[in-house]
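So the chains spell out like this:
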Amino acid sequence: MNYTLTQLPERTSKPRQSGLTMVMDKGLSIREVEDFLSTSADHADIIKLGWATSFVTPNLKDKLAVYRSANLPVYFGGTLFEAFVVRNQFDDYRKLLDKYGMEYAEVSDGSIEMAQDEKCEYISKLATQVTVLSEVGSKDEAKIIPPYKWIQLMKAELQAGAWKVIGEAREGGTVGLFRSSGEVRQGLVEEILTQVPFESILWEAPQKEQQVWFVKLLGANVNLGNIAPHEVIPLETIRLGLRGDTFMHFLDK
Amino acid sequence: MNYTLTQLPERTSKPRQSGLTMVMDKGLSIREVEDFLSTSADHADIIKLGWATSFVTPNLKDKLAVYRSANLPVYFGGTLFEAFVVRNQFDDYRKLLDKYGMEYAEVSDGSIEMAQDEKCEYISKLATQVTVLSEVGSKDEAKIIPPYKWIQLMKAELQAGAWKVIGEAREGGTVGLFRSSGEVRQGLVEEILTQVPFESILWEAPQKEQQVWFVKLLGANVNLGNIAPHEVIPLETIRLGLRGDTFMHFLDK
Amino acid sequence: MNYTLTQLPERTSKPRQSGLTMVMDKGLSIREVEDFLSTSADHADIIKLGWATSFVTPNLKDKLAVYRSANLPVYFGGTLFEAFVVRNQFDDYRKLLDKYGMEYAEVSDGSIEMAQDEKCEYISKLATQVTVLSEVGSKDEAKIIPPYKWIQLMKAELQAGAWKVIGEAREGGTVGLFRSSGEVRQGLVEEILTQVPFESILWEAPQKEQQVWFVKLLGANVNLGNIAPHEVIPLETIRLGLRGDTFMHFLDK
């Protein structure tokens, strides 16, 4: 850090198990990745290549190499997994992970219907090959999942071998954990945390208000995801109580 | 593409007559243009230097040269045409196009009143010099154009020599084709398409919801415009049914 | 400028006392700063490193040097000043300014309570060391300051040695000068201007609609702040009447 301030919350350091920031790359150029790394490598823990953007991004191998040189793990968004599964191409997906040397993968069912057993089977299979993040929650606004079901799904997926479970929001932040206004479903989050370990959950929180909400409720070292590359530094200041929104939160009363 | 997926809609390839993506550059630096080209050159068809941003952008010649080296045509936004016309400087505008070696130009009347005959005359004159895109629709929220008038204007402007007619939205996407909520005026679009060829229209659709709406209604190869540079790759995945929003749309039922 | 248009409003030139554009940098990389400077150096007057982003930004010295090489003054956001004050580290803050060779600083009380006398004392002290911008207005939506109080605070802070007073908005533009809808509190602005000199005030106006509003009310050379780096060129066209929103404003009627 560039100077010393007292009364800052303690932040975990890399490699982190909690306090993770997962970043959404939806098509950065290689030079933009370099720019991002030059400012934010220490504050970012894992990169998601959003949904199937990797399909149309040129120089994918080179881009992955740049992230790797900064020791930042990368994974393909869950929608890509679903795109292979819905086409009965799961084996191709496994080969794809190998071809690009991926060490992480996401299992989700945000856009397709999938029985719980089937999803857990995918998690188990992939967990023999890579570290798995699994995502709970639908992208479909009409499909409300009650709290007990969130908990049951999360537990089952962790048991099946997921390293972290992700609480789904869409990129814009309006479904899953959030009401259509973008507001967090507080009761849902609190109930989940009575039964699933804090550090096992990564909450998608693309909007600033959501990030502030999670940091105020769960502290500096909450796992947050779907953060835009240019928002990683602002988020780090929110975690540290150095932005207006959380300014008083960590100070001695 | 980096891997193979079945059941993808067929995309036209460059140079495209339909399936065009028109990108809005509102002041990119030369290095940012290079970054954009390194990821999106294959998915972008034509670049608009937004409204009169070219007036205050330094290194304009160099920037145009970078786009040209990627075979991407560039044109000045219609507001610049209008800025010259309203000052009785149309001849200066024609010289300007020559000075910068422009091969495309836009004729619009979004900010000024212009009789239909006069507009068509501008189109005809410019069509002897460059390829013309003409734009229908007002930037003024109070000025609602009824469907039959949209159709009449579009037909007349194509007849006068326009290569494509553009359905106006503002950069933010709230007037012209869209209600103040950003919602598309569906009846308007459908009525237009009964009488104006699909491939002759380029729909401005800066917001993701609008892009999704047009792709669902008109398919992967609808012409879309005012796309932000960083949204070209996401749009390409929407066209291909590889983002949540259009995920099921192109799959065999 | 790249070409000549008549009937443009006269713009002040650098170094400006009015018509200032203050830019918010919330974590740009050095190469992004270079990109910004290559397009916008002539249209930007002063850079704010937003709130305490400087705490977590690597290569701070190098970054400051790049701005300096373009003769663009830089200052730390007021929230950083407050972060030191609330921890009784004001002397550390003064040393910090020296350590980084800062020539400007902001005094604000957006996140903490501070008596007017105390704030003016901070301004006076810092004014012996650097050029001071002071900020009036709260980040707290519940804390409405009546117009007479805005005027009294602004006058006192200018008297205490502030070079400019800043009318507070948050980055998103929803409190202080603005209603929660983002709409400008017009009566407030007009009343302030009856008693505080136009050129002494810098209005935070991060959203386009706000920028348009101020330019229409106060002309091309109003001081505006919290402008995102990529919005500096668009703002310059708004000032010049070369974007749809202000297109007719400066034309001879």
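For chain A, an unreviewed UniProt entry supplies the name Phosphosulfolactate synthase and the organism Spirosoma terrae. Of chain A, the UniProt comment under Sequence similarities (unreviewed entry) reads exactly: "Belongs to the phosphosulfolactate synthase family."

> What's the story with the overall build of chain A in this structure? I'm lost.
Assigned secondary structure in chain A consists of ten helices and eight strands. A compact globule built from 253 residues should have a C-alpha radius of gyration of about 18 Å, and chain A, at 18 Å, falls within 12% of that. Every one of the 253 residues in chain A was classed for burial, and the buried ones make up 63%. For chain A, the proportion of contacts with a sequence separation of at least 24, taken over those separated by at least 6, is 72%. Within the structure as shown, chain A displays about 9400 Å² of accessible surface, and the carbon and sulfur contribution to it stands at 48%. Across chain A, the 28 positively charged side chains and the 35 negatively charged ones have centroids separated by 1 Å.

> Just checking my understanding: could you explain the pairing of strand β6 (residues 162-167) of chain C for this structure?
Every other side chain in a regular strand lies on the same face of the sheet, so the side chains alternate between the two faces. Residues and elements named next belong to chain C. Counting buried residues along β6, five of its six residues qualify, which places the element largely inside the surrounding structure. Bridge count for strand β5 (residues 131-136) against β6 is five bridges, and the pairing is parallel. Opposite Val136, over in β6, you have Gly167 as the bridge partner. Bridge analysis of β6 against strand β7 (residues 201-204) gives three bridges, and the strand direction is parallel.

> Would you mind going over the interface of chain A and chain C with me for this structure?
Quite often, the size of an interface is put as the accessible area lost when its parts meet. Taken residue by residue, the interface counts 29 residues in chain A and 32 residues in chain C. In total, about 2800 Å² of surface goes out of reach between chain A and chain C, with carbon and sulfur atoms giving 58% of it. It is A:Asn2, A:Tyr3 and A:Phe247 in chain A that bury the most area against chain C; as a group they hold 27% of the surface buried on that side. C:Arg31 serves as the salt-bridge partner of A:Asp35, at 3.0 Å between the closest nitrogen and oxygen. Where chain A packs against chain C, one counts 17 residue pairs in polar contact (both at pLDDT 80 or more).

> Can you walk me through the environment of A:Ile145 in this structure?
Residue and element names in this part refer to chain A. Its place among the elements puts Ile145 in the loop between β5 (131-136) and α7 (147-159). For Ile145, a relative accessible area of 13% corresponds to the buried category. For Ile145 and Leu49, which are 96 residues apart along the polypeptide, the C-alpha to C-alpha distance reads 26 Å.

> I would appreciate a short explanation of the relation of the copies chain A and chain B in the present structure.
Copy one and copy two of the chain differ by a rotation about an axis and a translation along that axis. When chain A is fitted onto chain B, the two copies agree to an RMSD of 0.0 Å after a turn of 120 degrees and an axial shift of 0.0 Å. On the angle and the small slide along the axis, the relation comes out as a three-fold axis.

> Please clarify how the packing of aromatic side chains should be interpreted in this entry.
Describing an aromatic ring pair means giving the distance of the ring centres and the angle of the ring planes. Going through the model one piece at a time under the given rule, you end up with 33 aromatic pairs over all chains. With 5.7 Å between their ring centres and 45 degrees between their planes, A:Tyr3 and C:Phe84 make a pair best called tilted. With A:Tyr3 in the segment before β1 (21-25) and C:Phe84 in helix α4 (residues 78-86), this residue pair bridges two chains. Here C:Phe84 falls in the buried class, since its relative accessible area comes to 1%. Aromatic pair C:Phe76 and C:Tyr100: ring centres 6.4 Å apart, planes at 85 degrees, arrangement edge-to-face. Of this pair, C:Phe76 sits in strand β3 (residues 74-76) while C:Tyr100 sits in the loop between α5 (90-99) and β4 (104-107), placing them 24 residues apart in sequence. As far as the burial class goes, C:Phe76 and C:Tyr100 line up, both buried. What links up through ring pairs into an aromatic cluster is the set A:Tyr3, C:Phe55, C:Phe81, C:Phe84, C:Phe90, C:Tyr93 and C:Tyr122. Stacked on the ring of B:Tyr100, the Lys or Arg B:Lys61 has its end atom at 5.3 Å from the ring centre. Sitting above the plane of the B:Trp51 ring, C:Arg243 keeps its charged end 3.7 Å from the centroid.

> Looking at this structure, how should I read the nonpolar core?
One recurring pattern in soluble globular proteins: nonpolar side chains tend to sit buried together. One finds A:Tyr67, A:Phe76, A:Tyr93, A:Trp203 and A:Phe214 to be the most contacted residues of the largest nonpolar core, which totals 81 residues. Among all residues touching A:Tyr67, those that are not within four sequence positions of it are A:Asp25, A:Leu28, A:Val33, A:Phe36, A:Leu37, A:Ile47, A:Leu49, A:Leu72 and A:Val74. If you look at the next biggest cluster of nonpolar residues, it comprises 80 residues, including B:Phe55, B:Leu64, B:Leu97 and B:Leu177.

> Would you mind going over the interface of chain A and chain B with me for this structure?
Tallying the contact residues gives 32 residues for chain A and 29 residues for chain B. Both faces combined, the contact of chain A with chain B buries some 2800 Å², and carbon together with sulfur accounts for 57% of it. Summed over the three residues of chain A that lose the most area to chain B, namely A:Phe55, A:Val56 and A:Arg87, the buried surface amounts to 29% of that side. Applying the counting criterion to the chain A and chain B interface returns three salt bridges.

> Looking at this model, I keep getting lost on the environment of C:Leu80. Mind explaining?
Mapped onto the fold, C:Leu80 is located in helix α4. Sequence separation between C:Leu80 and C:Val132 is 52 residues; the distance between their C-alpha atoms is 14 Å. Setting aside chain neighbours within four positions, we find C:Leu80 in contact with A:Tyr3, C:Trp51, C:Ala52, C:Ser54, C:Tyr93 and C:Leu96.

> Help me understand the sheet that holds strand β4 (residues 104-107) of chain A, please; the structure alone is not making it clear to me.
Through backbone hydrogen bonds, the strands of a sheet pair up, either in parallel or in antiparallel fashion. Residue and element names in this part refer to chain A. Reading across the sheet, the eight strands line up as β3-β2-β1-β8-β7-β6-β5-β4 and stay open at both edges, with parallel pairing between neighbours. Each edge of the open sheet carries a strand with a single partner, namely β3 (74-76) and β4. Looking at each pair of strands side by side, their axes are set apart by 25 degrees on average, direction ignored.

> Help me understand the sheet that holds strand β8 (residues 224-227) of chain B in this model?
Residues and elements named next belong to chain B. If you walk across this open sheet you meet the eight strands as β3-β2-β1-β8-β7-β6-β5-β4, and the pairing is parallel. Single-partner strands in this sheet number two, and they are β3 (74-76) and β4 (104-107). Put simply, the sheet's adjacent strands are angled 25 degrees from each other on average, direction ignored. Sheet analysis places strand β1 (residues 21-25) next to β8, joined by two bridges and oriented parallel. For Thr21, the partnering residue across the bridge sits in β8 and is Leu224. This element, helix α9 (residues 208-218), spans β7 (201-204) and β8 of the sheet and lies at about 170 degrees to β8.

> I keep staring at the environment of B:Asp117 and nothing clicks. Help me out?
Residue and element names in this part refer to chain B. Positionally, Asp117 belongs in helix α6 (residues 116-127). Asp117 sits in the exposed class, given a relative accessible area of 65%. Along the chain, Asp117 and Ala160 lie 43 residues apart, while their C-alpha atoms are 9.6 Å from each other.

> I tried to follow the side chain of C:Ser29 on my own but got confused; where do I start?
On the secondary structure map, C:Ser29 appears in the loop between β1 (21-25) and α1 (30-40). The class for C:Ser29 is buried, based on a relative accessible area of 1%. C:Ser29 has contacts with A:Asp35, A:Ser38 and A:Thr39, leaving out every residue within four places of it along the chain.

> Looking at this model, I keep getting lost on the side chain of B:Arg16. Mind explaining?
Residue and element names in this part refer to chain B. With respect to the helices and strands, the residue Arg16 is situated in the segment before β1. Arg16 sits in the buried class, given a relative accessible area of 8%. Here the side chain of Arg16 touches Thr12 through a polar contact of 3.0 Å, landing on its backbone oxygen. Reaching out from Arg16, the side chain makes a polar contact with the backbone oxygen of Asp42 at a distance of 3.4 Å. Residues in contact with Arg16, not counting those within four places in the same chain, are Arg11, Asp42, His43 and Asp45.

> So what exactly am I meant to see when it comes to the pattern of salt bridges here?
Opposite charge on two side chains permits them to pair, given that their charged atoms come into close proximity. Counted by the stated rule, this structure contains 33 salt bridges over all chains. With its nearest N and O atoms 3.5 Å apart, the salt bridge here joins C:Glu204 to C:Lys48. Of this pair, C:Glu204 sits in strand β7 while C:Lys48 sits in strand β2 (residues 46-49), and the two are 156 residues apart along the sequence. Comparing C:Glu204 with C:Lys48, the two get one shared label, buried. C:Arg243 is the partner of C:Asp245 in a salt bridge, and the nearest nitrogen-oxygen pair spans 3.7 Å. For the pair C:Asp245 and C:Arg243, a shared accessibility class is recorded, and that class is buried. One network of salt bridges, with partners in common, ties together A:Arg31, B:Glu34 and B:Asp35.

Basis of the calculations
- Residues numbered from 1 in each chain as written.
- Chains lettered and ligands numbered in written order.
- Predicted model: local features only at pLDDT ≥ 70, side-chain atom pairs only at ≥ 80, totals over all residues.
- Heavy atoms only, no water.
- UniProt positions renumbered as here; feature names shortened; annotations may be inferred.
- Helix = DSSP H or I, 4+ residues; strand = E, 2+ residues; numbered from the N terminus.
- Rg over C-alpha atoms; globule rule 2.2 N^0.38 Å.
- Buried < 20%, exposed > 50% of the residue type's maximum accessible area, 1.4 Å probe, protein only.
- Contact = heavy atoms within 4.5 Å.
- Areas by Shrake-Rupley, 256 points an atom, 1.4 Å probe, with all protein chains shown as cover.
- Lys, Arg positive; Asp, Glu negative; His and termini not counted.
- Charge placed at Lys NZ, Arg CZ, Asp CG, Glu CD.
- Pairing = 2+ DSSP bridges.
- Buried area = accessible area lost by both parts, 1.4 Å probe.
- Salt bridge = Lys/Arg side-chain N within 4 Å of Asp/Glu carboxyl O.
- Polar contact = N/O pair within 3.5 Å; in protein donor to acceptor, adjacent residues only side chain to side chain.
- Least-squares fit on C-alpha atoms with pLDDT ≥ 70 in both.
- Phe/Tyr/Trp six-rings, centres within 6.5 Å; stacked < 30°, edge-to-face > 60°.
- Lys NZ or Arg CZ within 6 Å of the ring centre and 35° of its normal.
- Core = buried A, V, L, I, M, F, W, Y, C linked by side-chain atoms within 4.5 Å.
- Axes fitted to C-alpha atoms, helices over the stretch in contact; angles between N-to-C directions.

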